[in-house]
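Structural overview
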Amino acid sequence: MRFHTRKWVKPEDLNANGTLFGGKVLAWIDEEAALYSIIQLENKKVVTKYMSEINFMSTALEGDIVEIGIDVVKFGVTSMTLNCEVRNKMTHESIVTVDNIIMVNLDDNGNPKPHGKTKIEYVKDRLAKKEKEENS
């Protein structure tokens with residue numbers, strides 16, 4: 001799993017128990033899944049269709065650093081399925097795992113649109129491909 005984003009747990013991220021609020025973590029996961037999908041599918045119009053069971057395993061406290069990891073499970077015709085782990089960088093414990101997050105690629109009218117992707121693409125590879133095409 002590749003960890004792409006780190007978040008600093010601030011007072012406004014805490015629940016009444018003084019620990020990281022679950023809703024805040026879910027918002028971070030949804031944002032990270034959207035950003036990852038937008039980059040992979042090369043389309044700004046990507047939405048969350050589904051999140052599977054969410055397993056809270058530990059927490060974080062004010063001042064802790066958490067990191068969010070995303071992996072691609074599979075590419076569909078109009079969708080991409082991801083899994084996610086959020087872990088506490090300070091304690092090295094897993095905070096939350098989500099086995100399946102389905103993101104759907106949309107057209108300008110908000111309808112599912114085929115994306116033509118079958119594997120993870122890295123920006124460096126896209127840049128090299130573009131440069132090769134320009135030099136041909």
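One structure accompanies this document, and this report is about it. Only a predicted model underlies this, so the values are computations on that prediction, with no experimental measurement involved. (Residues numbered from 1 in each chain as written. Predicted model: local features only at pLDDT ≥ 70, side-chain atom pairs only at ≥ 80, totals over all residues. Heavy atoms only, no water.)

**What to know about the overall build of the protein**
- On a plain count of helices and strands, the protein comes out with two helices and six strands.
- Listed by position from the N terminus, the elements making up the protein come as β-α-β-β-β-β-β-α.
- Taking the principal axes of the C-alpha coordinates as reference, the protein spans close to 60 × 35 × 25 Å.
- Across the 136 residues of the protein, 35% fall into the buried class. (Helix = DSSP H or I, 4+ residues; strand = E, 2+ residues; numbered from the N terminus. Buried < 20%, exposed > 50% of the residue type's maximum accessible area, 1.4 Å probe, protein only.)

**Side note on the packing of aromatic side chains**
- Scanning the entire structure with this criterion turns up zero aromatic pairs.
- In this structure, Arg87 packs its charged tip against the face of Phe3, placed 3.5 Å from the ring centre. (Phe/Tyr/Trp six-rings, centres within 6.5 Å; stacked < 30°, edge-to-face > 60°. Lys NZ or Arg CZ within 6 Å of the ring centre and 35° of its normal.)

**Details of the pairing of strand β6 (residues 94–105)**
- Bridging between strand β2 (residues 46–51) and β6 involves five bridges; their strand directions are antiparallel. Counterpart to Val46 in the pairing with β6 is Asn105.
- Here strand β3 (residues 54–56) runs beside β6; their pairing, made up of three bridges, is antiparallel. Of the residues in β6, the one forming a bridge with Phe56 is Val96.
- As judged from the eight bridges shared by strand β5 (residues 79–88) and β6, these two strands associate in the antiparallel manner. Within the sheet, the bridge partner assigned to Arg87 lies in β6 and is Ser94.
- Where β5 hands over to β6, the hairpin turn is made up of five residues, of which His92 adopts a positive phi near 65°. (Pairing = 2+ DSSP bridges.)

**A word on helix α1 (residues 22–41)**
- For α1, with 20 residues, the first-to-last C-alpha span of 28 Å sits near the 28 Å given by 1.5 Å per residue.
- Those residues of α1 not exposed but buried are Val25, Trp28, Ile29, Glu32, Ala33, Ala34, Tyr36, Ser37, Gln40 and Leu41.
- Of the surrounding secondary structure, the elements contacted by the buried residues of α1 are β1 (2–8), β2, β4 (65–75), β5, β6 and α2 (123–135).
- Directly after α1, the chain includes Glu42, whose backbone phi takes a positive value near 55°. (Expected span 1.5 Å × (residues − 1). Contact = heavy atoms within 4.5 Å.)

**Topic: a nonpolar patch on the surface**
- The grouping of Ile39, Val123 and Leu127 at the surface amounts to a nonpolar patch, some 280 Å² of accessible area in total.
- With respect to the element layout, Leu127 can be found in helix α2. (Patch = residues over 30% accessible without salt bridge, like charges linked within 9 Å, V, L, I, M, F, W, Y side chains within 5 Å. Areas by Shrake-Rupley, 256 points an atom, 1.4 Å probe, with all protein chains shown as cover. Salt bridge = Lys/Arg side-chain N within 4 Å of Asp/Glu carboxyl O.)

**Side note on the pairing of β5**
- With seven of 10 residues buried, β5 lies mostly within the body of the structure.
- Here nine bridges tie β4 to β5, and the two strands are oriented antiparallel to one another. Within the sheet, the bridge partner assigned to Val72 lies in β5 and is Leu82.
- Where β4 hands over to β5, the hairpin turn is made up of three residues, counted between the paired strands.

**Quick look at α2**
- The terminal C-alpha atoms of α2, which comprises 13 residues, lie 18 Å apart, in line with the 18 Å expected from a rise of 1.5 Å per residue.
- Burial analysis of α2 places just one of its 13 residues in the buried class, which makes it a mostly uncovered element.

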